[in-house]
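Fold and geometry: a report
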Amino acid sequence: MDEDERDLIERLRAGDEGAFMMLVEMYGPLMLRLAQNYVRSRAVAEDVVQEAWLGVLTGIDRFEGRSSLKTWILRILVNRARTRGERESRTIPVSALEGDDEAAVDPDRFFSLDHPRYPGGWSAPPVAWPEDALLASETLEQVKAAIAKLPPRQQEVIVLRDVEGWDPEEVSAALGVTDGNQRVLLHRARSKVRNDLERYLTGVAA
Amino acid sequence: MSSLSCREVVELVTDYLEGALAPDVRAALEEHISVCDPCRAYIAQVRTTTRLAGLTRELEERPDRDALLAAFREFRRGG
């Protein structure tokens with residue numbers, strides 16, 4: 001644990017409002033984004049975030065720093081969100097891998113495996129994306145929407161890894177997944193978001 | 001490790017980018033993409049997707065600060 005984090009924890013234990021609001025600033029948007037994945041409304045998601053913070057405040061005295069503070073906070077948030085989601089009886093896929101059998105790319109875009117010249121080769125290869133469209137704000141909105149519709153566990157992994165830039169070890173600790181499962185979830189998530197982006201961009205280019 | 005098909009390559013992209021492939025599979029994949037433009041383009045698109053995902057952080061909304069501050073104060077009062 002580094003100096004800053006130790007200091008932040010001490011201030012939080014002492015009831016320092018500034019320290020609390022600083023953490024809210026740092027992790028609040030991420031927490032809200034992940035909570036919205038499990039519950040129907042923004043209001044309930046706000047509620048989940050608040051519950052998670054109360055969990056943080058209640059537990060901070062017992063926090064031993066075996067994981068980083070942000071990992072610990074995220075774990076509390078995800079647990080609360082899942083519990084609330086179950087109460088709202090939203091369907092949470094049972095499998096931790098969620099559609100492990102899905103192909104990254106539509107199989108129809110490849111020649112069959114017994115094709116005489118190109119077994120398993122691209123029959124409809126990816127087309128170059130228009131550079132200028134990549135920078136458009138609508139494109140970012142599309143990416144955000146593509147991420148938002150992913151199943152919860154895939155979404156958690158891609159948000160923590162690719163949006164927030166966390167290390168794989170931190171993500172495994174926060175979500176309680178193995179490194180192997182994390183890679184499977186990340187693979188499904190990135191493949192689907194790329195597919196959606198491709199569909200959008202090739203539509204734009206046409 | 002014999003040669004890989006394009007269809008196999010797209011399933012290995014994440015493990016490749018994560019540095020999690022066994023050395024022989026990695027070598028086979030690198031050999032494949034050295035001669036396969038579509039697969040190279042595909043991997044570049046996955047990287048672009050990852051980069052754009054990072055930019056969506058700017059679009060995140062903030063939770064209600066006032067409500068959280070009020071909850072914090074109530075907690076401190078032992079509420």
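Note that this is a predicted model, so its numbers are computed, not measured.

All right, on to the overall build of chain B then. On a plain count of helices and strands, chain B comes out with four helices and zero strands. Each helix and strand of chain B, placed in order from N terminus to C terminus, yields the pattern α-α-α-α. What you see for chain B is a C-alpha radius of gyration of 23 Å, clearly larger than the 12 Å of a compact globule of 79 residues, by over 25%. A principal-axis box enclosing the C-alpha atoms of chain B has dimensions of 70 × 25 × 15 Å.

Turning to the interface of chain A and chain B, a few remarks are in order. For interface size, the figure often reported is the accessible area lost on association. Across the boundary between the two partners, chain A contributes 47 residues, which contact 38 residues of chain B. Among the elements that line the side of chain A that touches chain B, the one with the most residues is helix H2 (residues 17–35) of chain A, at 10 residues. In terms of residue class, the side of chain A that touches chain B is made up of 29 nonpolar, eight polar and 10 charged.

Here we come to the packing of helix H1 (residues 6–17) of chain B against helix H2 (residues 23–35) of chain B. Residue and element names in this part refer to chain B. Interaxial distance between H1 and H2 falls to 11 Å at its minimum, and their mutual angle equals 120°. Looking at the two axes, H1 sits oblique to H2. Every pair of crossing elements has a handedness; the one defined by H1 and H2 is left-handed. Contacts between H1 and H2 involve Val9, Leu12 and Tyr16 on the former and, on the latter, Val25, Arg26, Leu29 and His32. Across the contact of H1 with H2, the residue classes break down as five nonpolar, one polar and one charged.

So, about the domain arrangement of chain A. Residues and elements named next belong to chain A. Assigned domains within chain A: domain 1 (3–87) and domain 2 (107–205). Averaged C-alpha coordinates put domain 1 and domain 2 at centres separated by 28 Å. Contact residues are listed per partner, giving 11 residues for domain 1 and nine residues for domain 2. Elements represented by at least two residues in the side of domain 1 that touches domain 2 include exactly H2 and helix H4 (69–87).

Criteria and thresholds
- Sequence order sets the numbering: in each chain, residues are counted from 1 along the sequence as written.
- Lettering for chains starts from A, numbering for ligands starts from 1, and both go in the order in which the items are written.
- Only residues with pLDDT of at least 70 are given local features in this predicted model, and only at 80 or more are side-chain atom pairs given and counted; all residues enter the totals for whole chains, interfaces and linings.
- Every helix listed is a DSSP run of H or I at least four residues long, and every strand listed is a run of E at least two residues long, numbered separately from the N terminus.
- It is over C-alpha atoms that the radius of gyration is taken, and the globule rule equals 2.2 Å times the number of residues to the power 0.38.
- Think of it this way: build a C-beta for each residue from its backbone, and any pair within 7 Å is a contact.
- Classification used: nonpolar for Ala, Val, Leu, Ile, Met, Phe, Trp, Tyr, Cys and Pro, charged for Asp, Glu, Lys and Arg, polar for all others including Gly.
- Lines fitted to the C-alpha atoms define the axes, with helices restricted to the stretch that makes contact. Angles between their N-to-C directions range from 0 to 180 degrees.
- In what follows, roughly perpendicular refers to angles from 65 to 115 degrees, roughly parallel to angles under 35, roughly antiparallel to angles over 145, and oblique to any angle outside these ranges.
- A clockwise turn of the near helix away from the far one marks a right-handed crossing, whereas an anticlockwise turn of less than a right angle marks a left-handed crossing.
- Where a domain begins and ends is set by an automatic assignment or by a domain database.

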